[in-house]
Amino acid sequence: MLSAMMLVVRVSPALASDARAATLPTTQPLDFSTPKAMLLSYDRSAGGGVTVFIQFYATHNAEEEKLVAEKSRSESMYGLLQVMVQQKWGNDGMNTVLHAFGEKTHDDIQAGTVDVDGDTARFNWSDDSPPVPFVRKDGRWKIDATSFKNSLGMSVDDYITSLHAMFPVIADIADGIDSGKLDSPTAVVAEIERRLKAMNQ
């Protein structure tokens, strides 16, 4: 997803178009009352800009703010791709494409469970994906940037570099869908797998 494609790499015409067309739901306000409710609000924010996603994180210092800003930039790109794919191929197609990127969807959130311990919590996915750490502040549950940072297994700068490496892949996939070159979820997944394999060689 992305915010009007203000990226350090290049602008995808397809995602830029979706950024202009996408509108966030106005009948369902953001819900921070529980970790799962917050994640569902996060998912509903697909098509929003970077600042939309920043508000779902609790940060405590400048390094965490930097991490969250770049993570939110990445999420905004995936969100616009989500909107595009969902409009074109429905929920099944959207699940297929986002899962190929290793991203989670509304269905994954619904299938997850939450463990609460006072003002901290952990959202557990139904598969073996790492849990999402939460902290409650002023009655609002948010993703805990400190725990998230500590779970990366790499420096913040290295993680941001890995996020940036995906930007042109996401943009190219969106352009391929928009042009008709990638004409089905199966074709999209094959191209994602090809690009990811090339990146890891």
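In the block above lies the structure referred to throughout.
Here is what the cut-offs are and how they apply
Residues numbered from 1 in each chain as written. Predicted model: local features only at pLDDT ≥ 70, side-chain atom pairs only at ≥ 80, totals over all residues. Heavy atoms only, no water. Salt bridge = Lys/Arg side-chain N within 4 Å of Asp/Glu carboxyl O. Helix = DSSP H or I, 4+ residues; strand = E, 2+ residues; numbered from the N terminus. Buried < 20%, exposed > 50% of the residue type's maximum accessible area, 1.4 Å probe, protein only. Phe/Tyr/Trp six-rings, centres within 6.5 Å; stacked < 30°, edge-to-face > 60°.

Q: So what's going on with the pattern of salt bridges? Residues and values would help.
A: Should the charged atoms of two oppositely charged side chains come close, the side chains can pair. Tallying each qualifying case throughout the model produces nine salt bridges. Note that aspartate 157 is salt-bridged to lysine 66, the shortest N-O span being 2.7 Å. With a gap of 91 residues between them, aspartate 157 in helix α7 (residues 156-179) and lysine 66 in helix α4 (residues 62-100) connect regions that are remote in the sequence. For lysine 66, a relative accessible area of 41% puts it in the partly exposed group. Linking arginine 73 and glutamate 70 is a salt bridge whose minimum nitrogen-to-oxygen distance equals 3.5 Å. On the criterion of helical spacing, the pair formed by arginine 73 and glutamate 70 is a turn pair, its members being three residues apart in helix α4.

Q: Describe the packing of aromatic side chains, listing the residues and the values that go with them.
A: In the structure shown here, the tally under the stated rule is nine aromatic pairs. Ring geometry for tyrosine 78 against phenylalanine 101: centres 5.3 Å apart, planes inclined by 70 degrees, an arrangement best described as edge-to-face. Taken together, the residues span a long stretch of sequence, with tyrosine 78 in helix α4 and phenylalanine 101 in the loop between α4 and α5 (106-111) at a distance of 23 residues. Overall, phenylalanine 101 belongs to the buried group, its relative accessible area being 10%. An angle of 85 degrees between the planes, with centres 5.9 Å apart, marks the rings of phenylalanine 148 and tyrosine 159 as edge-to-face. Of the two residues, phenylalanine 148 is situated in helix α6 (residues 145-150) and tyrosine 159 in helix α7; the sequence distance between them amounts to eleven residues. By the burial criterion, phenylalanine 148 is buried, and tyrosine 159 matches it.

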